[in-house]
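So the chains spell out like this:
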Amino acid sequence: MRRSFVAIACAALLSVTAFPAVAAENADPRQTAMDAAVAAGIPGMVAVSDDFRGVSGVADIDRPGKPDASGRWRIASVSKVFVATLVLQLVAEKRVALDEPVQRHLPGLLPYPEPITVRQLLQHTSGLPRDLAPEDSWASGPEVDTERFEHFDSDDQIRLSVSKQPLQFTPGTGWAYSNTGYNVLGLLVEKVTRKPLERALAERVTGPLHLRDTSLPRDFPFLLRPAARGYEQLYDAPRGLTDVTTYNYSRYFGAGGMVSSAKDLNRFFEALLGGRLLPADLVAEMRKTVPVGGGMEYGLGLMKLNLKTAGACAEDISIWGHGGDLPGFATLSFHDDSGKNISTLATVDLTASPEAALKRQLPMISEFCSPVVPTRAVAQAPVPSL
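All residue numbers here refer to positions counted from 1 along the written sequence of the relevant chain. With the structure being a predicted model, the display of local features is reserved for residues of pLDDT at least 70 and the display and counting of side-chain atom pairs for 80 or more, all residues being used for whole-chain, interface and lining totals. The side-chain values count all of the structure's non-hydrogen atoms but skip hydrogen atoms and water molecules.

Enquirer: Honestly, the pairing of strand β12 (residues 329–335) in this entry has me stumped. Any pointers?
Expert: Working note: regular strand, side chains alternate between the two faces of the sheet. Across the seven residues that make up β12, a large majority, seven, are buried. In this scheme, a residue with accessible area under 20% of its type's maximum is buried, one over 50% is exposed, and one in between is partly exposed, where area comes from a 1.4 Å probe on protein chains only. Numbering of helices and strands runs from the N terminus; a helix is a DSSP stretch of H or I covering at least four residues, while a strand is a stretch of E covering at least two. Burial of the side chains of β12 extends over both faces: Phe329, Thr331, Ser333 and His335 are buried on one face and Ala330, Leu332 and Phe334 on the other. By the convention used here, strands pair only if DSSP detects at least 2 bridges between them. Pairing between strand β11 (residues 318–326) and β12: seven bridges, direction antiparallel. By the bridge assignment for β12, Trp320 is matched with His335.

Enquirer: Any chance you could explain the pattern of salt bridges here in plain terms?
Expert: In the sections that follow, a salt bridge refers to a side-chain nitrogen of Lys or Arg positioned within 4 Å of a carboxyl oxygen of Asp or Glu. Tallied over the full model, the rule gives 26 salt bridges. For Glu190, the salt bridge is made with Arg218, and the minimal N-O distance between the two is 2.4 Å. One end of the pair, Glu190, is in helix α6 (residues 179–193); the other, Arg218, is in the loop between α7 (197–206) and β5 (231–232), and 28 residues separate them in sequence. Here Glu190 matches Arg218 in class, with each residue buried. Among the salt bridges present, the one from Lys359 reaches Glu355, with a minimum N-O distance of 2.9 Å. With a gap of four residues between them, Lys359 and Glu355 both fall in helix α10 (residues 354–359), about one helical turn apart.

Enquirer: Whenever I open this one, the packing of aromatic side chains confuses me. Can you help?
Expert: Each aromatic ring pair is specified by the distance between its two centres and by the angle formed by the two planes. Geometry of aromatic contacts follows a simple scheme: Phe, Tyr and Trp rings, the Trp one being its six-membered ring, pair when their centres are within 6.5 Å, and the pair is stacked under 30 degrees between planes, edge-to-face over 60, tilted otherwise. Summed over the entire model, instances satisfying the criterion amount to seven aromatic pairs. Considering the side-chain rings of Trp175 and Tyr177, the 6.4 Å spacing of their centres and the 45° angle between planes classify their relative orientation as tilted. Taking 4.4 Å as the distance between ring centres and 10° as the angle between the ring planes, the aromatic pair formed by Tyr247 and Tyr249 counts as stacked. Taking the relative accessible area as the measure of exposure, Tyr247 reaches 0% and is therefore buried. Here the aromatic residues Phe82, Phe268 and Phe269 are joined through ring pairs into a cluster of three or more.

Enquirer: Before we go on, may I ask you to explain helix α1 (residues 29–39) in this structure?
Expert: Helical geometry note: an α-helix holds 3.6 residues per turn, so side chains three or four residues apart project in the same direction. Along α1, the residues that are buried comprise Arg30, Thr32, Ala33, Met34, Ala36 and Ala37. If you follow the buried residues of α1, they end up packed against β2 (44–49), β3 (52–57), β13 (341–346), α10 and α11 (362–366). Capping the start of α1, Asp28 holds a side-chain oxygen 2.8 Å from the backbone nitrogen of Arg30, two or three residues further along. Following α1 by one or two positions, Gly41 adopts a phi angle in the positive range, close to 125°. Every residue pair with non-hydrogen atoms within 4.5 Å of one another is taken to be in contact. Counted as a polar contact is a pair of N or O atoms within 3.5 Å, where, for protein atoms, one must be capable of donating a hydrogen and the other of accepting one, and residues adjacent in sequence contribute only when both atoms are in side chains.

This is the structure in structure tokens:
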């Protein structure tokens with residue numbers, strides 16, 4: 001969700017290849033890719049698609065045992081797709097309008113005179129600040145560790161963010177990722193439904209789809225039945241990785257606070273893109289995108305990635321979904337129009353080396369094509385990190 005303290009030289013050149021030079025002839029490419037990511041420094045990985053359930057590495061660096069492909073993890077910004085779905089359900093019920101100012105529902109919340117529409121919040125064209133001001137958020141690795149139990153009410157992050165920072169641009173004139181904007185959308189759902197966001201989520205999405213692993217835990221810091229524990233290199237050597245699994249992410253309640261599993265994520269996206277959660281016209285609205293760069297476009301809570309333009313595939317393939325980044329948990333959940341789908345977890349996010357950050361994306365890409373990764377590649381992963 002926030003990477004300001006991480007020093008990764010994205011322009012540095014690495015000598016990396018997509019997979020180990022020697023691999024079993026009949027090895028599944030997704031498994032081979034996960035093993036390569038673990039060899040590059042990721043403690044554990046999970047990947048689940050319709051025809052594949054694989055793990056690599058360890059669930060806990062202090063004891064033996066593989067990750068659990070059925071387990072839960074913190075899905076970070078993939079939560080945005082769930083929140084966008086709730087908002088669009090309210091649009092379908094004519095309780096919210098896409099092109100009305102959000103200020104009509106939440107008067108006094110935003111200090112800016114410019115009207116900001118619901119559509120602009122969903123699409124990150126609102127100009128709202130990305131996150132908290134630097135003095136109110138993590139400014140160093142150790143602070144990620146020491147601030148793990150800080151409580152935020154539903155509007156705390158919003159008010160702190162907007163009271164200290166100007167708009168990034170006039171609403172509707174640019175694109176810039178905003179976690180603050182999705183916290184506003186979470187508050188909008190609460191205001192219109194008169195229910196906590198987690199209850200609206202359970203009644204409207206996770207309950208009907210029987211997503212038993214998916215929830216918004218708010219202040220509850222423990223991760224029950226984890227797929228694996230999450231880690232970051234938050235302190236200088238010789239101190240090793242810090243376990244960041246136990247954490248209060250109430251600061252990202254609408255932007256990235258959810259927990260789920262690979263099975264649930266795949267089921268959710270299949271239902272969403274298949275029209276089971278929204279009318280066809282609103283699914284079409286979700287898929288109306290604006291360009292972001294690097295082969296990525298952004299719709300209403302949905303990322304569209306052209307894998308050829310991104311330099312990841314030789315074929316012209318477009319996929320839909322979202323990525324998510326929180327300390328200890330890097331998530332990718334993507335799906336194509338033919339029905340292929342995959343959700344992956346890697347258990348180092350913010351402090352992964354450039355090589356590991358690249359290789360942890362290859363299991364997802366391998367679901368859709370044979371990855372194209374130059375022998376000497378710029379240390380920028382083909383899927384933009386959000």
